[in-house]
Every structure is written in C-alpha cells, then in structure tokens.
Amino acid sequence: MQLRYNITGARALIVTSAQRELRSPAVPIAGLADGTLRAMQNERAADSSNRVGWHHALIRRFPEMTPDAVQALAAQSRRCALRRGEPLLRPGEYWEKAIWVEAGALRLYYVDSLGEEWNKNFHLEGSFVWPLTPWLRNTPVSFCIEAIESVTAWTIHMQALEAAVGETSSWIRTRLDAMSFLLEDKMRREQIFLQQDARQRYATLLAEHPDWPMRIPQRHLASYLGMTDVSLSRLRARMRLIKG
C-alpha cells in the first residue's frame, strides 16, 4: 500500500466571507393578499423559532451577558442554510465572521498545485469557530470551507462579537482554550503522521471521533488521514477480517 505523508499545520478556524445584508423594501400590509400575509407571518414565526437555539448557544458560552445584550447580539447575526457541496468560504476571501454550526457538518480543505484536495478539519454541529488573530482576519484565505451535508449555521461579525463580549471572562477563557487546543492538535497530528502507520491512524480516528465515519464520506476521511480512498477501503476490509 502506498501511503502519502502530509503533516497539517495549525488548525484553521472558520469565518464566512464578507457579505452585505440585503433588506427587502417595506410592503404595505393592506396591499397584501391573505395568503401572502399568512406566508409572511409564518416566515417571521419560523425565524423567531430558529433563533432560539442560537440564543441558547450565546447564553451558554457567555453567561455574563444580560438577556438584552444577548438579544442585541443575536439580532446582528445571520442564519445560513447550505446544501451539500455548497461553499461557505472560498480561497481569496476574508475571514470576518465567527460561525456556530447548529446542524450539519463542514469541511476545511486546501487544493494543492496538482488540483488535489486535502482535508484539514471537520466541524460538526455545536462547533463555534472564529479567526483567532487580526492577521487571520485581514489576510485572504488559501483554503475552502464547504458543507459535507445540509448545514444550518449562524454567523456574526467579529467586530460585533468582540464589542459585546470582548471584556468578559468567558470570552478570554474561550480564546485561551482555543489557542491551547490548536497547539495541542497540531502537535498531536504531527505525532500521528510521524509515528503511526495507516492502520494505527485510522484506529486513532475511530477512537477519537467515532461518529465521523457515519457522517463524513470515506474519500474525505482518507484525505484527512493522508491516504487514498482506495487504500482506506482496503484497510477497512482488512480490519473487519481481523475483528471477525
């Protein structure tokens, strides 16, 4: 089996590209048909319901915030619904927003000089990620973020987020935890690629992320592990024989 050696750098954090919010012009209620009015009312009710999970996520992560502050911050956020394969961030765009994955899964990948994709990370529901440094926000990215499956996410501009929580102990702790995790993850990935063979790498992935094989396509897992999907398929077959 021919294996490919690929040591990842520090794990990148996701933000969406800069996008301007488009506001629909006001429409006189008297000019709406009953069906259209009901549809608008249902849409507003659905949006209010959708924001409940986002509100709860903000409260859990930043308990110092008052209800009014949470409401104000949530009002500046944007809900994103992505189809499988739809990009959230493209090479050449800027990281300017933090993102919370409410449902679904995202992948972060690079494309090398030969046009081959290399997966560096996966973000499933509950992930809250952002650019840690000003440099990351002010430099065009060289990677892509896209949905592996249908995704519902909330984005908030970093300026708005830091204005609301920048001085709170929970934000300071969250940033320190994220930086610590990135360093540990980088060192862990390097150790795995340097000291483990393909079978051991896949066994480590199963132990650390048992849900990934059920959610993430095999070809993406293979790229993440530094091998081809054919090699991973053969490896999985041998591991089943060993278990049997």
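Since this is a predicted model, take the numbers as computed values, not measurements.

**Q** A description of the nonpolar core should follow, citing residues and the corresponding values.
**A** Of all hydrophobic cores here, the largest spans 22 residues; its most connected members are W54, F62, F128, W130, L161 and W171. Where this core is concerned, the elements lending two or more residues are α1 (34–61), α2 (67–75), β3 (97–103), β8 (151–157), α4 (158–165) and α5 (169–195). With four residues, α4 is the largest single contributor of residues to this core. When sequence neighbours within four positions are dropped, the list of residues in contact with F62 reads F128, L161, V165, S170 and W171. Membership of the second largest hydrophobic core comes to 17 residues, among which are A105, F122, A198 and L205.

**Q** Residue-level account of the sheet that holds strand β7 (residues 144–147), with values.
**A** Pairing in this open sheet of four strands is antiparallel, and the strands run β2-β7-β4-β5 from one edge to the other. At either margin of the open sheet sits one strand with a lone partner, and together these are β2 (87–89) and β5 (117–124). The average undirected angle you get between the axes of adjacent strands in this sheet is 30°.

**Q** An account of the pattern of salt bridges is needed here, citing residue identities and associated values.
**A** Here the structure, examined in full by the defined rule, presents eight salt bridges. The salt bridge partner of R107 is E146, with a shortest N-O separation of 3.0 Å. Of this pair, R107 sits in strand β4 (residues 105–111) while E146 sits in strand β7; the two residues are 39 residues apart in sequence, bridging distant segments of the chain. Judged by relative accessible area, R107 falls into the buried class, the value being 2%. We note a salt bridge from E125 to R215, for which the minimum N-O separation is 2.8 Å. Here R215 lies in helix α7 (residues 212–215) and E125 lies in the loop between β5 and β6 (128–129), a separation of 90 residues in the sequence.

**Q** Before we move on, could you go through the packing of aromatic side chains and cite the residues and values that matter?
**A** By the definition in use, this model includes eleven aromatic pairs. Between F122 and Y224, the ring centres sit 5.4 Å apart and the planes meet at 50°, which makes this aromatic pair tilted. Residue F122 is found in strand β5, and its partner Y224 is found in helix α8 (residues 218–225); the two are separated by 102 residues along the sequence. Comparing F122 with Y224 shows no difference in burial state: the two are buried.

Quick notes on the rules
Residue numbering note: each chain is counted from 1, following its sequence as written. The model is predicted, so local features are restricted to residues of pLDDT at least 70 and side-chain atom pairs to those at 80 or more, both for listing and for counting; the totals for chains, interfaces and linings are taken over all residues. To get the side-chain values, take all heavy atoms of the structure and skip hydrogens and water. In these notes, a set of buried Ala, Val, Leu, Ile, Met, Phe, Trp, Tyr and Cys residues joined through side-chain atoms within 4.5 Å is what counts as a nonpolar core. Throughout this description, buried means an accessible area under 20% of the type-specific maximum (1.4 Å probe, protein chains only), exposed means over 50%, and partly exposed covers the range between. To qualify as a helix, a DSSP run of H or I must reach at least 4 residues; to qualify as a strand, a run of E must reach at least 2; elements of each kind are numbered from the N terminus. Pairs of residues are marked as contacts when any of their non-hydrogen atoms sit within 4.5 Å. Pairing between strands is defined by DSSP: at least two bridges between the two strands are required. For helices, the axis comes from a line fit to the C-alpha atoms of the stretch in contact; other axes are also lines fit to C-alpha atoms, and the angle between any two N-to-C directions lies between 0 and 180 degrees. Should a side-chain nitrogen of Lys or Arg be within 4 Å of a carboxyl oxygen of Asp or Glu, the pair is scored as a salt bridge. Aromatic pairs are defined between Phe, Tyr and Trp rings, using the six-membered ring for Trp, whenever the two ring centres lie within 6.5 Å; interplanar angles under 30 degrees are classed as stacked, those over 60 as edge-to-face, and all others as tilted.

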